[in-house]
Each structure stands twice: as C-alpha cells, then as structure tokens.
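# Report on the structure
In case you want the letters, here they are:
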Amino acid sequence: MCGIVGYLGPLKAAPVLLNELKCLEYRGYDSAGVAVIENGRLSVMKAAGKLSNLEALLADKKPSANVGIGHTRWATHGIPNDQNAHPHTDSTGTIAVVHNGIIENYEELREELKGLGYAFNSDTDTEVVAHLVSHEYKVDKDLLKAITRSVKRLVGIFALGVVSQEHPDRIYAINHHYSLSVGLGNDENFLASDSMAVRQYTNRVIKLEQSEIAEITAAKVRLFTFDGVEVKRSPIALDTSPYVIDKCGYKHFLLKEIHEQPLVLRQTLSKYLRHPNHPIDLTIDHLTPAGSQSANYGVHLTDEEIKGLTRINIFACGTAYHASMVGKLLIEELVGIPVDVDIASEIRGRRLLCNESTLAIAVSQSGETADTLAALTEAKKKGAYTLGITNRADSHLAQLTQNLIVTECGIEVSVAATKTYLAQLACFYLLAIYLGERRGTLTPERAKELKIKLNLVPAMIEQILARDEVIRETSVKYAEAQDVVFIGRGLNFPTALEGALKLKELSYIHASGYAAGELKHGPIAVLDQNVPVITVLVPGLVYEKTLSNAQEARARKAKMIAVAVDGDEQAQRTFDSVLTIPPVDELFSPMTTVVPLQLLSYFISDYLGKDVDQPRNLAKSVTVE
Ligand code: M6R
C-alpha cells in the first residue's frame, strides 16, 4: 500500500527519493509524488500511474534540492489521479505532507478547517493534516509543537512525513501505530515506511515506536513522544539476506520467487531442524541478528506453559490465512489441541474467546497487515500467549508478539505471495512437530519420521519446477476461461482456495475454491462445458471421495484438470489434463500440490499480458482495516 520516503544530505534528493520509492513499488500503488525544498522554496511534483510518470516529470524539472519527502499512494479517499496524489500542501504552499494510513476523523476536521477559511484541493483525508499543521504553526511559529498539537487531534492509525519551506534543514516523521524507519548515514539521513527502501544506502536504522515524532536533520535524529518528551534509542542493524531485489534473469519476480521455493524451504527448515534425531528447537536465540532488538526471536514458552495450552487461535488474511488453515489441521492431527483459524478482519466486533491458556498466532508475510495486527492485539488483551510468523523481522507484528518465527524468504517483491506461503507452511509443520514433541503427543520415532519426510519436500518441489514447460503448455489451454473452480479436501482444501486466489489475483479470471464435498451443495450449478474444474487429488484418506466429487463435475461436462501424483492412472483416465507431482505423503502434500497451481496462474497471467508482479488494485502490504 502507500509508501513514505525522505532524504536530506549532500546528494540531490530527487534521485534518492526515486530510488527509495522504487523499492516500495512492490507494495502496490497508483500514483506517486515528491516535495523538495530548493532555493528556499517548496516544490511539489506528482503524477498518477506508474513511478515512471513521476520519473519523467523529475527528469524534466531536474530539481537540485538536497531535502525532500516522497510517496507512493494506494487510493483510499478519492480516485487515483494527480490531484489526490501525495504530497499535499497547506494553503500557503509552504508545508507539504505525505501520509500512510487513514485519518478517521478527517471529515470533522475538514469541516472545521473549512469553517476557518481553508480551501481544499483534493478528496483525501491527508490534506486536513497539511492545513491543521499550518493552522497550528501560526500560533507560535514552532513547527515541532505545531505538528505535535496537530497529530494529537488525529484519530486513526497513520504515519506522516512533513517538510516546511521555513525549515529547509529538517524533515519531521510521525508514527502512530504504523511503521517508519530513519536510515542513518554520514551527514545524511533517510526516511522510509519500509526499511527495505533505505537498505541500499545504509543498514543502520532507528525504528519509530508508537506515537512518536522524529525530527531529522542531516546530522542528527531526535525522537519525541506525542507528549513532547524526548526519547533516546540506539539504531539497529538491518538483517542481511542472500536474496536481492533483482529478477536474476527471470521474466518476472513472481517466476523467480516460485523458483526460489526449494531454497526458501531449506533455509527455514535448517534454521530450526538440526537433525531428525534431535527435537526441533524453536528457541534459536543465537540466531538473532547482531544489534537487533528482537529479543522475542524464537518460541520461548516453558514446558509447563506448552502443556497448559487448551486452545490455539490463528489470525491471518489472504494467502497467510490459507497457510493457517493447513496449520490448524496439522496441529490438531499431531498435537491434539483444538485450533480455530480466523480471517483476521472477522475478529472486529466479535466476542473473542481467548484466555491465559490460549496461544494466539498471527501469520503475516509483511507483518504489517492492519487486520491481523488488530486481531492479535485483541487476543493479547485477553491474556493469550502470542506468537508471530512473519517474513519481516523488523515489522510491527514482530514487535507485538512475545514469540516470533521469522520465515527465511528474503524480500518477496511480487504482490502475489508464493514463496512466503511455502515458508509459512514449513513453519506450521515445524511448530506442530515441536508442540507434539514438547507435549508428548508424538513418539520419538514418529517425530523422526515426520522430520525426515519434511526434509524431502524441497527436492520434490525442484522436480515440479523442472516440469514448468509442461505446466505452461497445459495452462494456456485454459487461459480464455471466464470462471474456474478449484476443489480439494482435507489438507488440500486450503490448496484449492490458494489456487483460486492466485488465479484471480494474477489473471483477473473469476475463480473460486471449494471443499470438494461442498460442490454438490450449490457451486455445481455454475458448471458446464465452459468452466474448468481443477481438482487437487493426492493418494490418502480423502482420495476416493475427492475423485467422486470430480466425477460429479465431469458429469456436468466441465473441463477437468487435476494436480495428481506420478503414476496415478485413474487420474489420467478421468481428467482432460493432469499436472503431475512426485508421489508424496498426504500429510506433506500441501507443500507440493500448490506449486503447479502457482505456475498455472503465472503462465495464464503472462499469456494474457497482465501485470504479473503488480496486479491491478492490489497492494503487497495491506495497512488499512
Ligand atoms: O502480509 P500478509 O501476509 O499479512 O498479507 C495478507 C494478504 O494481504 C496477502 O496474503 C494477499 O492475499 C496476497 N496478495 C496473496 O497473494
């Protein structure tokens, strides 16, 4: 979603801001802009559409300023156009503001400010902040105090960047339940809502905590609470990672990320699973990156606390929710604790039955998903133990939880999640075995067998990836479909949901995932010869029943596609097309069955000429509820 950047130092600000913004592109946006202070004058340049439009504008105007803020906007209030793009300025054109999040009381403030004679030029909630700061500034000509008074009047969660023509040597950054990092250089400083954006310049950052204001000059960073009290904080070192933001020869980031999955799994597994004969160790304090503040790395529950757990609640959205659905089945199967998994946004306004013997798990690639954070906070208030599973050790989620499992994926640039899904699944396998070992629900022999099988998965995925040409040829046969139905049972019902989500996101084809047994209870009405039905079919407890459900679809003349294991002759006879995977134990199959479905969606999207890495309307990090 929206991204904030800033720079002040000896370099020209515009190219730095642009480089920072490029790192945030993957988060999703529909317009971009910068505000710089040049020769004592504030100048704003902004453009709807891709960053290349802003780049062209900057190439034309060639600002040589050394200070500025920038923004990528994902529209919430007002359509994506030049006018609504950030930065927004006050009436005097001397104060500029960029903003992530939502100002919930903006209408009330807008009316009040209009009453005071301020004229508005956009439909955004952000513009009220520019006028409010300007209004407060008139009181005592103290910008920090004006900002402090202003932000205290804002309701909602937000991050802001503010520059003023009258103070060209500084940027103000404000964080209220959001995320903002100041990157520290030598006589230069950087600002970014995602620390990824400053990593190209420095790996030393100060993360703003909740309700804090940073006063940033080229030489110094001072932090203040909303009550005006100065706080001191040491910088942290950003994690180093073997992954780079580069397509490395692949046509799209998505394809590269799908192909990185064996590596990602090996990294995540090897971090916690030393040897099949040894119990899984989720504590791993020794792996905490140097200088990191994440004292909560790993799972730190005592044996007594683990044995005392009566329930687990998992909160997540989108793909992370699908991984969590698999997690529920694994934990219930291997540990015997009842697990509820909820779409995080559904927790609002509901009576959440968590208590001191509950483990609340929040799963989020970005660690910034507002709905997931809100659900976790609610569970925390009820006294639950908290565990975060995220790909971002520097995220808001990582700060919120007592226990933390970090997936080893490196940055996932493509908006559609693939490698992080696999890594989240891996974490649930590890967690289920870990809890099973600690609670004694798994014998050492069974635990060892599970660990050996888990370690075999990356090689199986390599074999599937080697078949990508066959998957491509099959996929494009179905690329013109208007509607596609995915079905699966048990552990592969979430796979069906994830397959449908990937196809929707990437190709804009309407797709739905169903529990295979549910087809006959309604969805079967949509089937005819124009609707492909994709069945996830793996030998095991639900094989025969899934096959019967597929037959019901076949009888309605649907085009039949299966993901099935090598040598499954029944599948070859029943389906028009079969995407094969190596034979796999049903329990571990969600990690392999999803891979052909990711590739299928990728190839269809590319064939249709869609924006594979940044599908329309989507954002990588969904920071509004
Ligand atoms: O960062 P999170 O994992 O919390 O994001 C949750 C969803 O927004 C995300 O999984 C979304 O569904 C992706 N676009 C899936 O490809």
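Residues numbered from 1 in each chain as written. Predicted model: local features only at pLDDT ≥ 70, side-chain atom pairs only at ≥ 80, totals over all residues. Heavy atoms only, no water.

Cis geometry marks the peptide bond from His-86 to Pro-87; its omega dihedral reads 0°. Its place among the elements puts Pro-87 in the loop between strand 4 (67-73) and strand 5 (88-89). Phi angles above zero are rare outside glycine, and Ser-211 is one such case at about 55°. Here Ser-211 shows up in the loop between strand 11 (204-207) and strand 12 (212-216). Of note in the backbone geometry, Asn-617 takes a positive phi value of approximately 65° without being a glycine. With respect to the helices, strands and loops of the structure, Asn-617 is situated in the segment after helix 18 (590-607). (Helix = DSSP H or I, 4+ residues; strand = E, 2+ residues; numbered from the N terminus.)

Near the ligand lie 15 residues; those nearest to it are Ser-364, Gln-365, Ser-366, Thr-369 and Glu-505. Residue Ser-364 places a side-chain N or O atom 2.6 Å away from an oxygen atom belonging to the ligand. Within the side chain of Thr-369, one N or O atom sits 2.4 Å away from an oxygen atom of the ligand. Protein contact buries 90% of the 410 Å² of open area that the ligand shows by itself. Those elements that place two or more of their residues in the shell around the ligand are helix 9 (318-335) and helix 15 (493-507). Its residues placed into classes, the shell around the ligand shows seven nonpolar, six polar and two charged. A domain split of the shell around the ligand shows at least three residues from each of domain 2 (253-464) and domain 3 (468-607). (Near = heavy atom within 4 Å. Polar contact = N/O pair within 3.5 Å; in protein donor to acceptor, adjacent residues only side chain to side chain. Areas by Shrake-Rupley, 256 points an atom, 1.4 Å probe, with all protein chains shown as cover. Nonpolar A, V, L, I, M, F, W, Y, C, P; charged D, E, K, R; others polar. Domains from an automatic or database assignment.)

Time to look at helix 1 (residues 13-24). In this model helix 1 runs 17 Å from its N-terminal to its C-terminal C-alpha over twelve residues, within 8% of the 16 Å that 1.5 Å per residue would give. For helix 1, the tally of buried residues reaches nine of twelve residues, placing the bulk of the element in the interior. Within the sequence span of helix 1, burial applies to Ala-13, Ala-14, Val-16, Leu-17, Leu-18, Glu-20, Leu-21, Cys-23 and Leu-24. As for helix 1, its buried residues are in contact with strand 1 (3-8), strand 2 (31-38), helix 2 (51-61), strand 4 and strand 10 (189-192). (Expected span 1.5 Å × (residues − 1). Buried < 20%, exposed > 50% of the residue type's maximum accessible area, 1.4 Å probe, protein only. Contact = heavy atoms within 4.5 Å.)

Turning our eyes to something else, we now look at the domain arrangement of the protein. As far as domains go, the protein holds domain 1 (3-237), domain 2 (253-464) and domain 3 (468-607). Of note, the centres of domain 2 and domain 3, computed from C-alpha atoms alone, are 26 Å apart. In this assembly, 32 residues from domain 2 lie in contact with 29 residues from domain 3. Both faces considered, domain 2 and domain 3 share a buried interface measuring about 2600 Å² in area, 78% of it formed by carbon and sulfur atoms. At the junction of domain 2 and domain 3, the tally comes to one salt bridge. Elements with a minimum of two residues in the side of domain 2 that touches domain 3: helix 6 (253-259), helix 7 (261-272), helix 9, helix 12 (419-439) and helix 13 (444-465). (Buried area = accessible area lost by both parts, 1.4 Å probe. Salt bridge = Lys/Arg side-chain N within 4 Å of Asp/Glu carboxyl O.)

It is the contact of helix 14 (residues 468-477) with helix 18, at a shortest axis distance of 9 Å, that shows an interaxial angle of 55°. When the axis of helix 14 is compared with that of helix 18, the two are oblique. Both helix 14 and helix 18 take part in a crossing whose hand is right-handed. Residue-level contacts link Asp-468, Ile-471, Arg-472, Ser-475 and Val-476 of helix 14 to Pro-596, Leu-599, Leu-600, Phe-603, Ile-604 and Tyr-607 of helix 18. Residues that form the contact of helix 14 with helix 18 fall into these classes: eight nonpolar, one polar and two charged. (Axes fitted to C-alpha atoms, helices over the stretch in contact; angles between N-to-C directions. Parallel < 35°, antiparallel > 145°, perpendicular 65-115°, else oblique. Left-handed = near helix turned anticlockwise from the far one by under 90°.)

The residue Gly-33 is located in strand 2 in this model. The exposure class assigned to Gly-33 is buried, which follows from its relative accessible area of 0%. Separated by 382 residues in the primary sequence, Gly-33 and Val-415 have C-alpha atoms spaced 21 Å apart. Here Gly-33 is in contact with Leu-21, Met-45, Lys-46, Leu-54, Ile-69, Gly-70, His-71, His-86 and Pro-87, once residues within four sequence places are set aside.

The next point concerns the side chain of Asn-549. Take Asn-549: it is sitting in helix 16 (residues 543-554). Other than its neighbours up to four places away in sequence, Asn-549 contacts Ile-487, Arg-489, Ala-516, Gly-517, Leu-519 and Lys-520.

Before going further, it helps to spend a moment on the sheet that holds strand 25 (residues 577-581). Taking strand neighbours across the sheet as the criterion, the five strands line up as 22-21-23-24-25 in an open arrangement whose pairing is parallel. The sheet terminates laterally at strand 22 (510-515) and strand 25, the two strands that pair on one side only. Direction aside, neighbouring strands of the sheet carry axes that sit 20° apart on average. Relative to strand 23 (residues 532-536), strand 21 (residues 483-488) runs parallel, the two sharing three bridges. Among the inter-strand pairings, Ile-487 is bridged to a residue of strand 23, identified as Thr-535. Each of strand 21, strand 23 and strand 24 (559-565) is contacted by helix 16, which is oriented at about 175° to strand 23, the strand it contacts most. (Pairing = 2+ DSSP bridges.)

Glancing now at helix 14. Among all positions of helix 14, only Ile-471, Thr-474 and Ser-475 are buried. All buried residues of helix 14 fall inside an arc of 105° around its axis, so they share one side. For helix 14, the secondary structure elements touched by its buried residues are helix 13, strand 25 and helix 18. (Arc of directions from axis to C-beta.)

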